[in-house]
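Listed here are the chains, written in short residue letters.
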Amino acid sequence: MITIDGVRKSFGQTCVISHFSLEIPTGQTHILLGASGSGKTTLLRMIGGLTLPDEGRILLDQSPVNTLEPRERTTRLSYITQEGGLFPHLSALDNILLPARLRKKEKSEVQREAYELCEMVHLEKSLLDRLPQELSGGQRQRVSLVRGLILKPEVLLLDEPLSALDPIVRSSLQQELKTIFKSLKKTVIMVTHDIQEASFLGDEITLLNKGYAVQTSSFEELYHRPKENYVTDFLTAQLPVGLGS
């Protein structure tokens, strides 16, 4: 379980996250939804231990994330960015295997696991010798996803991983991600600004606005029982048909 308890974060005079609390059960896919500047990426970075809160605490089970040794933290939590963060001078396979090699895992075992994960995300083995610049955007994101899963983390943190992809590739990867989340039973926390993506992937959604949690609920409750006018405005701006239709 991830527990976020009274977290606050400012950059200079700007408060980005304000006294935020949330519990995310083990095995849940939780979406942090919001417009640009709502604080969702800052919150995700704090969950991953990449940014420290000014106040409050974030617990992985009962352990404060910021007190975990870096090696343990990066093994238990895997952070995947929009760009994928692949090393341009390494092949796709070497990018995937790098975290395991740094921990001196047995090569044949992790390579077998890598091939199994590649099959799960429909990444052809014939592509694994290519450099990142020789792959399409969708292929690079699949490589990044496999690399994020290779150490079998407890928690997968995804920062708008599909936003740079074209609609057809994005839809395909959404389907694959949903299958992976269900199959591997990981705790997943994903940032997006896209309500349709949030509704498709999320067991539960937290809508943020200016660092506050406006509402945390299922998409159905968000849609049919909005707690504030902002929820209605946010959904109506994206959905093809207005609320209540």
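Up top is the structure these notes are about.
**A word on the sheet that holds strand S1 (residues 2-11)**
- Pairing is antiparallel in the open sheet, where 4 strands are placed in the order S2-S1-S4-S5. Each having just a single partner strand, strand S2 (14-24) and strand S5 (63-64) make up the two edges of the open sheet.
- Of the pairings in the sheet, the one linking S1 to strand S4 (residues 55-60) comprises 5 bridges and is antiparallel in character. Bridge pairing in S4 places Arg 8 opposite Glu 55.
- Here helix H1 (residues 40-47) sits on the sheet in contact with S1, S2 and S4, set at roughly 125° to S1.

**Details of the packing of helix H5 (residues 137-149) against helix H6 (residues 167-184)**
- In the contact formed by H5 and H6, the axes pass within 11 Å of each other and the chain directions differ by 15°. It follows from the interaxial angle that H5 and H6 lie roughly parallel. Where H5 crosses over H6, the two elements pack in a sense that is right-handed. Contacts between H5 and H6 pair Gly 138, Gln 141, Arg 142, Leu 145 and Leu 149 from the former with Val 169, Ser 172, Leu 173, Glu 176, Leu 177, Ile 180 and Leu 184 from the latter.
- Grouping the amino acids of the contact of H5 with H6 by side-chain chemistry returns 7 nonpolar, 3 polar and 2 charged.

**Some remarks on the pattern of salt bridges**
- Scanning all chains against the criterion turns up 10 salt bridges.
- Among the salt bridges present, the one from Glu 72 reaches Arg 76, with a minimum N-O distance of 3.2 Å. Here Glu 72 pairs with Arg 76, and both are found in helix H2 (residues 70-76), just 4 residues apart, close to one helical turn.
- On the basis of relative accessible area, Glu 72 is assigned to the partly exposed category, the value being 34%.
- When its relative accessible area of 14% is taken as the criterion, Arg 76 is described as buried.
- Three or more residues joined by partner-sharing salt bridges are found here, namely Asp 61, Glu 72, Arg 76 and Glu 154.

**Quick notes on the packing of aromatic side chains**
- Evaluated as defined, the whole model comprises 2 aromatic pairs.
- Judged by centre distance (5.8 Å) and plane angle (45°), the rings of Phe 219 and Tyr 223 are tilted. Of this pair, Phe 219 and Tyr 223 both sit in helix H8 (residues 219-224), 4 residues apart, which is roughly one turn of the helix.
- A residue is classified by how much of its surface remains accessible, and Phe 219, at 18% relative accessible area, is buried.

**Quick notes on the sheet that holds strand S8 (residues 187-192)**
- The strand order across the open sheet formed by 6 strands is S6-S7-S8-S3-S9-S10, and the pairing between neighbours is mixed. On the outer flanks of this sheet lie strand S6 (77-80) and strand S10 (212-217), each paired with one strand and no other. Ignoring which end each strand starts from, the neighbouring axes of this sheet average 15° apart.
- Across 5 bridges, strand S7 (residues 155-159) lies against S8 in parallel orientation. Bridge pairing in S8 links Leu 158 to Met 190.
- The strands touched by H5 are S6 and S7; relative to S6, the strand with the most contacts, the crossing angle is about 170°.
- Its contacts with the sheet put helix H9 (residues 229-238) on strand S3 (29-33), strand S9 (204-209) and S10, and the angle it makes with S9 is roughly 105°.

**Brief notes about H6**
- Look at H6: 25 Å from first C-alpha to last across 18 residues, which is about the 26 Å you get at 1.5 Å a residue.
- Among the residues making up H6, those that are buried are Arg 170, Leu 173, Gln 174, Glu 176, Leu 177, Ile 180 and Phe 181.
- Here the buried face of H6 lies against S3, helix H4 (107-120), H5, S7, S8 and helix H7 (195-201).
- Looking at where H6 begins, the residue whose side-chain oxygen comes 3.1 Å from the main-chain nitrogen of Ile 168 is Asp 166.
- In the stretch just after H6, Lys 185 is the one whose phi turns positive, near 55°.

**Notes on the nonpolar core**
- Membership of the largest hydrophobic core comes to 47 residues, with the highest contact counts inside it found for Leu 33, Ile 96, Leu 145, Leu 156, Phe 181 and Leu 235.
- Per-element accounting of this core gives the leading share, 5 residues, to helix H3 (residues 92-102).
- With 23 residues, the next largest nonpolar core counts Ile 2, Ile 4, Leu 60 and Leu 208 among its residues.

**Structural notes on the pairing of S1**
- In this sheet, S2 lies alongside S1 in antiparallel orientation, the contact comprising 7 bridges. For Ile 2, the partnering residue across the bridge sits in S2 and is Ile 24.
- Adjacent in sequence and paired antiparallel, S1 and S2 are bridged by 2 residues, among which Gly 12 carries a positive phi angle near 65°.

Conventions and cut-offs
- Residues numbered from 1 in each chain as written.
- Predicted model: local features only at pLDDT ≥ 70, side-chain atom pairs only at ≥ 80, totals over all residues.
- Heavy atoms only, no water.
- Pairing = 2+ DSSP bridges.
- Helix = DSSP H or I, 4+ residues; strand = E, 2+ residues; numbered from the N terminus.
- Contact = heavy atoms within 4.5 Å.
- Axes fitted to C-alpha atoms, helices over the stretch in contact; angles between N-to-C directions.
- Parallel < 35°, antiparallel > 145°, perpendicular 65-115°, else oblique.
- Left-handed = near helix turned anticlockwise from the far one by under 90°.
- Nonpolar A, V, L, I, M, F, W, Y, C, P; charged D, E, K, R; others polar.
- Salt bridge = Lys/Arg side-chain N within 4 Å of Asp/Glu carboxyl O.
- Buried < 20%, exposed > 50% of the residue type's maximum accessible area, 1.4 Å probe, protein only.
- Phe/Tyr/Trp six-rings, centres within 6.5 Å; stacked < 30°, edge-to-face > 60°.
- Expected span 1.5 Å × (residues − 1).
- Polar contact = N/O pair within 3.5 Å; in protein donor to acceptor, adjacent residues only side chain to side chain.
- Core = buried A, V, L, I, M, F, W, Y, C linked by side-chain atoms within 4.5 Å.

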